Amino acid sequence: MQALIDVILPVFLVIGAGYAAVWRGWFSNDAVDGLMKFTQNFALPCLLFRAIWQLDLGQSFDIALLGSFYAGALAGFCAGYLGARYLFGRDIEDSIAIGFCGLFSNSLMLGLAITERAYGASALEANYAIVAVHAPFCYAVGITAMEVARARGRGEGLARLPMTVGRAMFSNALILGIALGFAFNLGGIGLPGPAAEAIDMMVRTALPCALFGLGGILYRYRPEGDLRVIAFVCALSLILHPAITYLLGRSTGLTSAEMRSAVLTASMAPGVNTYLFANMYGRAKRVAASAVLISTALSIVTIWGWLHLLP
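Computed from a prediction, not measured in an experiment: that's the story for all the values here.

Undergrad: I keep staring at the overall build of the protein and nothing clicks. Help me out?
TA: Within the protein, the secondary structure is distributed over 14 helices and zero strands. The secondary structure elements of the protein, listed N-terminal to C-terminal, are α-α-α-α-α-α-α-α-α-α-α-α-α-α. Computed over C-alpha atoms, the radius of gyration of the protein comes to 19 Å, within 12% of the 19 Å expected from 2.2 N^0.38 for 311 residues, which places it in the range of a compact globule. The principal-axis extent of the C-alpha atoms belonging to the protein is close to 55 × 45 × 45 Å. The proportion of buried residues among the 311 residues of the protein is 51%. Long-range pairs, those at least 24 residues apart, make up 84% of the contacts in the protein with a sequence separation of at least 6.

Printed below as a string of structure tokens:
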């Protein structure tokens, strides 16, 4: 119970404050859009740039860590696709969008915030290693699957596929922040003191603003669509992904710190990007939006359960 009160509740109170502010009309939808644009295009890319720039790449990028997390993510994608296709009778493109909901967990806004609350800022190295690969990996899987399905449906070849995937990925500010972080890290590039301090000021705004804005975004999502599919997606994100990560982490001998970061990140609800992906292709939008809202609420309890299992 103490973990629920001290670790999880403060994070969800900030989300709840954003939700309530929009619900009561104290914060407009336009203001939410502006806040999210600031966090996703500026503050969060600065946070990722700063973290990866200073990361010990050789120490942090452990194959067992990334393998445990991303095997669980891929299992969520495959289970989501197969379940949507063969259990619920959705077409191929809908099934890919639903599979993407099981693939893309909220590793940044929720994963970093919960891990930091639970174990302190010094415990985030493994989180940053996961986050550095997360958006590129998930978008590469989702966009590739969708573009292959669409090309085959139109009877077209796949020659344009690499350009399509690359353009979609590198128009994302988060991925640009990650790429710059790697470039500065590998190149041993430094910044003048005032510039580094300015980035630090941006970084300190990132998570609180992102969580408050996430609450405002969630207010827009009304639970609608096939509730069986939504419940299925919630189970993939909140149970299947962290369970596979936990079992693989134990079998590969992850350290306590790596286990905490990997399993907690895997246990997060689907990120808002799952709805953006569904909206980009016009597929399973109601399922994606409702799954983000409902699983985020349910994760208050499931994250508490995973915290009790971790060393």
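Once the structure has been displayed, the description carries forward.
Undergrad: Could you clarify how one ought to interpret the environment of Ile239 in this entry?
TA: Following the sequence through the fold, Ile239 ends up in helix H11 (residues 227-251). Setting aside residues no more than four positions away along its own chain, Ile239 makes contact with Cys234 and Trp306.

Undergrad: Looking at this structure, how should I read the pattern of salt bridges?
TA: Opposite charge on two side chains permits them to pair, given that their charged atoms come into close proximity. In this structure the tally under the stated criterion is nine salt bridges. The salt bridge involving Asp91 is made with Arg283; its shortest N-O contact spans 2.6 Å. One end of the pair, Asp91, is in the loop between helix H4 (63-87) and helix H5 (92-103); the other, Arg283, is in the loop between helix H13 (272-281) and helix H14 (285-309), and 192 residues separate them in sequence. Since its relative accessible area comes to 34%, Asp91 is described here as partly exposed. Taking relative accessible area as the criterion, Arg283 reaches 22% and is therefore assigned partly exposed.

Undergrad: Would you take a moment to explain helix H10 (residues 193-220) for this structure?
TA: In an α-helix, one full turn covers 3.6 residues, which means residues spaced three or four apart are oriented alike. Its 28 residues place the ends of H10 41 Å apart at the C-alpha level, agreeing with the 40 Å of an ideal helix rising 1.5 Å per residue. In H10, a bend of some 35° at Ala206 exceeds every other bend along the element, and Pro208, a proline, comes one to four places later.

Undergrad: Honestly, the packing of helix H2 (residues 29-53) against helix H6 (residues 107-119) in this entry has me stumped. Any pointers?
TA: Geometry of a packed helix pair, given as the angle between the helix axes and the separation of the axes. Between H2 and H6, the shortest axis-to-axis distance is 12 Å and the interhelical angle comes to 55°. In terms of axis orientation, H2 runs oblique to H6. Like other packed secondary-structure pairs, H2 and H6 cross with a definite hand, here left-handed. For the pair H2 and H6, contact is made by Met36, Gln40, Leu44, Leu47 and Leu48 and by Leu108, Met109 and Leu112, respectively. Residues of the contact of H2 with H6, tallied by class, amount to seven nonpolar, one polar and no charged.

Undergrad: How do you make sense of the packing of H4 against H11 when you look at a structure like this?
TA: The N-to-C vectors of H4 and H11 enclose an angle of 145°; their axes lie 8 Å apart at closest approach. The handedness of the crossing between H4 and H11 comes out as right-handed. Between H4 and H11, the contacting residues are Gly67, Ser68, Phe69, Ala71, Gly72, Ala73, Ala75, Gly76, Ala79, Gly80, Gly83 and Ala84 on the first element and Phe232, Leu236, Leu240, His241, Ile244, Thr245, Leu248 and Gly249 on the second. Of the residues belonging to the contact of H4 with H11, the class tally is 11 nonpolar, nine polar and no charged.

Undergrad: So what exactly am I meant to see when it comes to the side chain of Asn273 here?
TA: Following the sequence through the fold, Asn273 ends up in helix H13. Within the structure, the side chain of Asn273 is placed 2.7 Å from the side chain of Tyr139, a separation counted as a polar contact. In contact with Asn273, other than residues within four places in its own chain, are Phe100, Phe104 and Tyr139.

Undergrad: Whenever I open this one, H4 confuses me. Can you help?
TA: With 25 residues, H4 extends 34 Å between its outermost C-alpha atoms, agreeing within 8% with the 36 Å of an ideal straight helix rising 1.5 Å per residue. Backbone nitrogen of Ala64 and a side-chain oxygen of the N-cap are separated by 2.8 Å at the start of H4; the cap is Asp62. Just downstream of H4, Gly89 is the residue with a positive phi angle, here 70°.

Undergrad: Would you mind showing me how to read the packing of aromatic side chains here?
TA: For the structure shown, the criterion picks out 15 aromatic pairs. Ring geometry for Phe100 against Phe104: centres 5.6 Å apart, planes inclined by 35°, an arrangement best described as tilted. Aromatic rings pair up to connect Phe100, Phe104, Tyr139, Phe277 and Tyr281 into one cluster. The ring of Trp23 is capped by Arg24, whose NZ or CZ atom sits 5.2 Å from the centre of that ring.

Undergrad: How do you make sense of the state of the cysteines when you look at a structure like this?
TA: Two cysteines whose sulfur atoms are joined by a covalent bond form what is called a disulfide. Evaluated as defined, the whole model comprises zero disulfides. No disulfide involves Cys209; its sulfur sits 12 Å from that of Cys46, the nearest cysteine.

Undergrad: For this particular structure, what's the right way to read the side chain of Ser68?
TA: Position of Ser68 among the secondary structure elements: in helix H4. Apart from the residues lying within four places of it in its own chain, the contact partners of Ser68 are Thr245, Leu248, Gly249, Thr252 and Leu254.

Undergrad: Sorry if this is basic, but what is going on with the environment of Gly305 here?
TA: Tracing the backbone through its elements, the reader meets Gly305 in helix H14. C-alpha of Gly305 to C-alpha of Ser267: the two residues are 38 residues apart in sequence and 9.9 Å apart in space.

Undergrad: For this particular structure, what's the right way to read unusual backbone geometry?
TA: Across residues other than glycine, the phi torsion is negative in most instances, and most of the peptide bonds are trans. For Ala284, which is not glycine, the phi dihedral falls at a positive 50°. Inspection of the secondary structure assignment puts Ala284 in the loop between H13 and H14.

Rules used in this analysis
Residues numbered from 1 in each chain as written. Predicted model: local features only at pLDDT ≥ 70, side-chain atom pairs only at ≥ 80, totals over all residues. Heavy atoms only, no water. Helix = DSSP H or I, 4+ residues; strand = E, 2+ residues; numbered from the N terminus. Rg over C-alpha atoms; globule rule 2.2 N^0.38 Å. Buried < 20%, exposed > 50% of the residue type's maximum accessible area, 1.4 Å probe, protein only. Contact = heavy atoms within 4.5 Å. Salt bridge = Lys/Arg side-chain N within 4 Å of Asp/Glu carboxyl O. Expected span 1.5 Å × (residues − 1). Bend = angle between axes of the 7 residues up to and from the residue. Axes fitted to C-alpha atoms, helices over the stretch in contact; angles between N-to-C directions. Parallel < 35°, antiparallel > 145°, perpendicular 65-115°, else oblique. Left-handed = near helix turned anticlockwise from the far one by under 90°. Nonpolar A, V, L, I, M, F, W, Y, C, P; charged D, E, K, R; others polar. Polar contact = N/O pair within 3.5 Å; in protein donor to acceptor, adjacent residues only side chain to side chain. Phe/Tyr/Trp six-rings, centres within 6.5 Å; stacked < 30°, edge-to-face > 60°. Lys NZ or Arg CZ within 6 Å of the ring centre and 35° of its normal. Disulfide = S-S within 2.5 Å.

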